[in-house]
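Residues per chain, in single letters:
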Amino acid sequence: PQNETLADAATENTDNRTTNYWYVEAAAGVQTIFSSDAQLLSFGKRLTPSYTLTLGKWVSPYIGFRLQTQGYALNGFSTPEGLYTGSSIAYGGTYGTTDPVINEVNVNPDGSYRHYLRYVGVHADIQLSLFNIFGGVDFERRWDIVPAIGLGYTHAFAYRGTAHTNSMMTNLSIMGKFRIINCMDLNMELQSSLMPDHFDSRIRGRMCEPTL
């Protein structure tokens, strides 16, 4: 009976290692937006910094939740085609054929130009531990692959002619995790956010404008 009690206590302590598990993450990387005509901008000029801050909790060895804020800057590209807004859509802004951005940037001879976006987004995601789901729970395992999906809200600030816009967003990601020590992981994450067509203050009839 004494051995059984010790075994039960060990099992309980082991379970506590994977439940009631709060964590914080900070990350930095690069990003790009796949907006209309963005492919006409050179690849190097499309890359911009991205920063994220995350609060999350694993409620079991298999499933977790997180709240993440992300953003900073994106570079898009525009041509004379499309509809543009000079005021916030959320507050009754209307579209026209003249883009206010052209007064703030250098316009190429063909009428095309780069536009600059500053934004912040917040989304709530559900996460899954693939190694625990398909390989069984192993407390000595250092590696994991964690996909996530969620919904959120993003705000683009008025900046160099672009209007401030408010949009719903969908977030998709997959993360590789490596445990350095018990209280610290090193992560590499590939993430995409899907925003509506008006996110960059330009309407071209697209279903969404993803970032990566």
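No experiment lies behind these values; they were computed from the predicted model shown.

## Things to note about the overall build of the protein
For the protein, the helix and strand inventory stands at three helices and eleven strands. Taken from N to C terminus, the helices and strands of the protein fall in the order α-β-α-β-β-β-β-β-α-β-β-β-β-β. When each of the 212 residues of the protein is scored for burial, the buried share is 39%. About 11,700 Å² of surface is accessible on the protein, with carbon and sulfur atoms providing 62% of the total.

## Here's the deal with the layout of surface pockets
Size it by volume and the largest pocket reaches roughly 1,300 Å³. Lining the largest pocket are 50 residues, with Glu 25, Met 175, Lys 177, Asp 185 and Asn 187 positioned closest to its centre. Sorting the residues of the lining of the largest pocket by element identifies strand E1 (21-31), strand E2 (48-58), strand E3 (63-78), helix H3 (130-135), strand E7 (143-157), strand E8 (165-181) and strand E9 (184-195) as the ones contributing at least two each. For the lining of the largest pocket, a count of residues per class yields 22 nonpolar, 18 polar and ten charged. Here the second largest pocket defines a volume of roughly 180 Å³. What lines the second largest pocket is Leu 41, Lys 45, Phe 77, Val 105, Asn 106, Val 107, Asn 108, Tyr 113, Arg 114, Tyr 116 and Arg 160. Per-element accounting of the lining of the second largest pocket gives the leading share, three residues, to strand E6 (residues 113-128). Partitioning the lining of the second largest pocket into residue classes produces six nonpolar, two polar and three charged.

## Brief notes about the pattern of salt bridges
Counted by the stated rule, this structure contains four salt bridges. Here Lys 177 makes a salt bridge to Glu 25, at a shortest N to O gap of 3.7 Å. On the criterion of sequence distance, the pair formed by Lys 177 in strand E8 and Glu 25 in strand E1 is long-range, its members being 152 residues apart. With relative accessibility at 13%, the residue Lys 177 sits in the buried group. One salt bridge in this structure joins Asp 125 and Arg 66, with 2.8 Å as the shortest N-O distance. Separated by 59 residues along the polypeptide, Asp 125 in strand E6 and Arg 66 in strand E3 bring together distant segments of the chain. Take Asp 125: its relative accessible area is 3%, and that puts it in the buried class. Linked by salt bridges that have partners in common, Glu 25, Lys 177 and Asp 185 make up one network.

## Regarding the packing of aromatic side chains
Working definition: an aromatic ring pair is given by the centre-to-centre distance plus the angle between the planes. Scanning the model with the defined rule gives four aromatic pairs in all. Judged by centre distance (6.4 Å) and plane angle (65°), the ring pair of Tyr 21 and Tyr 23 falls under edge-to-face. Ring geometry for Tyr 119 and Phe 199: centres 5.9 Å apart, planes at 85°, overall edge-to-face. Residue Tyr 119 is found in strand E6, and its partner Phe 199 is found in the loop between E9 and strand E10 (202-203); the two are separated by 80 residues along the sequence. For the pair formed by Tyr 119 and Phe 199, the shared burial category is buried. Here the basic side chain of Arg 118 rests over the ring of Tyr 72, its NZ or CZ set 5.5 Å away from the ring centre.

## Details of the confidence of the model for the protein
Atomic detail in the predicted coordinates should be set aside for any region of low pLDDT. Averaged over every residue, the pLDDT of the protein is 84; the share at 70 or more is 86%. Between residues 87-92, whose pLDDT stays under 50, and residues either more than four places distant or in other chains, the model counts 13 contacts.

## Side note on the nonpolar core
Core analysis: the biggest nonpolar cluster contains eight residues, these being Ile 33, Leu 74, Leu 117, Tyr 119, Ala 156, Met 169, Met 195 and Phe 199. The contact partners of Ala 156, leaving out residues within four places of it in the chain, are Arg 118, Tyr 119, Ala 163, His 164, Thr 165 and Phe 199. Core analysis: the next-biggest nonpolar cluster, separate from the first, contains five residues, Tyr 84, Val 101, Tyr 113 and Tyr 116 among them.

## Examining the side chain of His 115
Relative to the helices and strands, His 115 is located in strand E6. Polar contacts involving the side chain of His 115 include one to the side chain of Ser 78, which spans 2.8 Å.

## Examining unusual backbone geometry
Leaving glycine aside, a negative phi is the common case for residues, and trans is the common case for peptide bonds. For Tyr 72, which is not glycine, the phi torsion reads 135° and is therefore positive. Along the polypeptide, Tyr 72 turns up in strand E3. One non-glycine residue, Arg 160, lies in the positive phi region at around 50°. Among the structural elements, Arg 160 can be located in the loop between E7 and E8.

Conventions and cut-offs
- Residues numbered from 1 in each chain as written.
- Predicted model: local features only at pLDDT ≥ 70, side-chain atom pairs only at ≥ 80, totals over all residues.
- Heavy atoms only, no water.
- Helix = DSSP H or I, 4+ residues; strand = E, 2+ residues; numbered from the N terminus.
- Buried < 20%, exposed > 50% of the residue type's maximum accessible area, 1.4 Å probe, protein only.
- Areas by Shrake-Rupley, 256 points an atom, 1.4 Å probe, with all protein chains shown as cover.
- 1 Å grid on protein atoms, 1.4 Å probe; cavity = no way out; pocket = protein on both sides within 12 Å on 5 of 7 lines; lining within 4 Å.
- Points joined across faces, edges and corners; volume = space filled by probe spheres on them.
- Nonpolar A, V, L, I, M, F, W, Y, C, P; charged D, E, K, R; others polar.
- Salt bridge = Lys/Arg side-chain N within 4 Å of Asp/Glu carboxyl O.
- Phe/Tyr/Trp six-rings, centres within 6.5 Å; stacked < 30°, edge-to-face > 60°.
- Lys NZ or Arg CZ within 6 Å of the ring centre and 35° of its normal.
- pLDDT = per-residue confidence, 0-100.
- Contact = heavy atoms within 4.5 Å.
- Core = buried A, V, L, I, M, F, W, Y, C linked by side-chain atoms within 4.5 Å.
- Polar contact = N/O pair within 3.5 Å; in protein donor to acceptor, adjacent residues only side chain to side chain.

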